[in-house]
Amino acid sequence: MYQTNKLFYWLLVSMMIFACQNKPSERTEMDDSKEINFEMKVEKVGEWESNDVYKYDLDNGFMQVQMTNFGGIISRILVPDKDGNLENVVLALDSIPQYFTGNGPYLGAAVGRYANRIGGASFELDGVTYEITKNLGENHLHGGRKGFGVQVWDAEPFDTDQSIGVKMHYLSKDGEEGYPGNLDTWLYMELTADNELKVRFESTTDQKTVVNLTNHSYFNLGGITRDVKDHEVQILADSYTETDDRLIPTGNLLDVEGTPLDFQTPKNLGQQMELNGGGYDHNFVTKKENSSDLIAIAKVKHPDTGRVMEVFSTAPGVQFYTANGMRDFKGADGKVYQPFWAFCLEPQAWPDSPNKPSFPSATLAPGEKYVHEIVYQFEIDK
């Protein structure tokens, strides 16, 4: 766990860094001469199950990110608008301890071992059937009743010549929530000089298992004053996984072309929701097979504030969710969150992949390493 002398050091540190970030080729290069003033503050904010819980505030001079080693949660992202007003753009609770027992919607959490749904709460590996926790009717959702988002992770701050961040570690023991194998997971979350929030999961196992990890932040680029129907959304996917009435994939892929799920070019979200007859909770196909390529998968703009968020991922899919089930939820700053007050873009493996041999595999074997990288990049369009 975090040592006192390191805590003292990081409370005082303020790093002046000249940064030139290596980025996906589609992004604009930064001015190499730009001076970036990084700062990190660390504070112990409580204990959970006899483990110390810390809050980490990261600042690069343009935007600020707050995170905690409880659940690997991103608890704040503050980004300026086109007039320079700094506002939080993710749904949040007022304090970190409130997340201990009050985070039913998985606000900002690291979710696993398996993000999204596994039908029938079971799967088979090498002829052995594994029964995992049923926490959504007869199905399994987001790792079960006590998944990664409610665990205290070991954590340690780090810095590079172009970023500051926190490295976290959690050991999910064999049999936890019914999953096989001891799964060692490292979570790196860092703020870069290019206004990127990078999230990277790395996992190894001592027994064949299934793994699908993501971050579950709820975004509202308008500063969380109303719903997100005034956002412009682009999702770079030409198909999605068809589901039944329980949102379990049927195994079929459907084209988005000409449907309310067609976000291949930027669309006003409210208008698309009218065509769809309500909100979204769909897995869009960003790759047809697994690869380590980090690709652009989505871009969202809020015209009134000028805030823009672009999302990159190495995963084969992204779940687009418009907070349909959010109702009268008491959030931070006295706000009460309602349906459609946020959207989630959750890069991940396709839902129910362990039961769908035709889907890209979510299996991890001993000697292999699971790696999933997500990048959220913010900018202002004036």
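Residues numbered from 1 in each chain as written. Predicted model: local features only at pLDDT ≥ 70, side-chain atom pairs only at ≥ 80, totals over all residues. Heavy atoms only, no water.

Caption draft 1: Structural detail: the overall build of the chain. Looking only at helices and strands, one finds three helices and 30 strands in the chain. Taking 2.2 N^0.38 as the reference for a compact globule, 382 residues should give roughly 21 Å; the C-alpha atoms of the chain span a radius of gyration of 20 Å, in line with that estimate. Along the longest, intermediate and shortest principal axes, the C-alpha atoms of the chain span 55 × 50 × 40 Å. In the chain, which comprises 382 residues, the share counted as buried stands at 57%. At a minimum sequence separation of 6, the contacts of the chain that also span at least 24 residues come to 65%. Of the roughly 15400 Å² of accessible surface on the chain, 45% is carried by carbon and sulfur atoms. Charge centroids of the chain, computed over 34 positive and 57 negative side chains, lie 3 Å from each other. (Helix = DSSP H or I, 4+ residues; strand = E, 2+ residues; numbered from the N terminus. Rg over C-alpha atoms; globule rule 2.2 N^0.38 Å. Buried < 20%, exposed > 50% of the residue type's maximum accessible area, 1.4 Å probe, protein only. Contact = heavy atoms within 4.5 Å. Areas by Shrake-Rupley, 256 points an atom, 1.4 Å probe, with all protein chains shown as cover. Lys, Arg positive; Asp, Glu negative; His and termini not counted. Charge placed at Lys NZ, Arg CZ, Asp CG, Glu CD.)

Caption draft 2: Structural view of the UniProt feature "active site" (unreviewed entry) in the chain. Here the UniProt feature "active site" (unreviewed entry) sits at His216 and Glu346. These annotated residues cover 131 residues of sequence, and their C-alpha atoms lie no more than 6.1 Å from one another, placing them together at a single site. On the basis of relative accessible area, histidine 216 is assigned to the buried category, the value being 3%. Those residues in contact with histidine 216, other than ones at most four positions away along the chain, are Pro105, Tyr106, Leu107, Gly108, Ala109, Val111, His142, Cys344 and Glu346. Engagement of the side chain of histidine 216 in a polar contact is seen with the side chain of histidine 142, the distance being 3.4 Å. Residue classification places glutamate 346 among the buried residues on the basis of a relative accessible area of 2%. Here the side chain of glutamate 346 touches histidine 216 through a polar contact of 3.4 Å, side chain to side chain. (UniProt positions renumbered as here; feature names shortened; annotations may be inferred. Polar contact = N/O pair within 3.5 Å; in protein donor to acceptor, adjacent residues only side chain to side chain.)

Caption draft 3: Representation of empty space enclosed by the protein in the model. On inspection of all chains with the given rule, the structure shows one cavity of 30 Å³ or more. Estimates place the volume of the largest cavity at around 40 Å³. Taken together, Asn116, Arg117, Thr241, Thr243, Leu247, Asp281, His282, Asn283, Gln319 and Pro351 form the lining of the largest cavity. Every element with two or more residues in the lining of the largest cavity is listed here: strand S19 (239-243) and strand S22 (281-285). Here the lining of the largest cavity takes three residues from S22, the largest share from any one element. Its residues assigned to classes, the lining of the largest cavity comprises two nonpolar, six polar and two charged. (1 Å grid on protein atoms, 1.4 Å probe; cavity = no way out; pocket = protein on both sides within 12 Å on 5 of 7 lines; lining within 4 Å. Points joined across faces, edges and corners; volume = space filled by probe spheres on them. Nonpolar A, V, L, I, M, F, W, Y, C, P; charged D, E, K, R; others polar.)

Caption draft 4: Spotlight on the layout of surface pockets. Within this model, the largest pocket holds a volume of roughly 400 Å³. Every residue lining the largest pocket is counted, 21 residues in all, and those nearest its centre are Asn290, Lys369, Tyr370, Val371 and His372. In terms of residue count, the dominant contributor to the lining of the largest pocket is strand S30 (residues 370-380) (four residues). Tallied by class, residues from the lining of the largest pocket come to eight nonpolar, nine polar and four charged.

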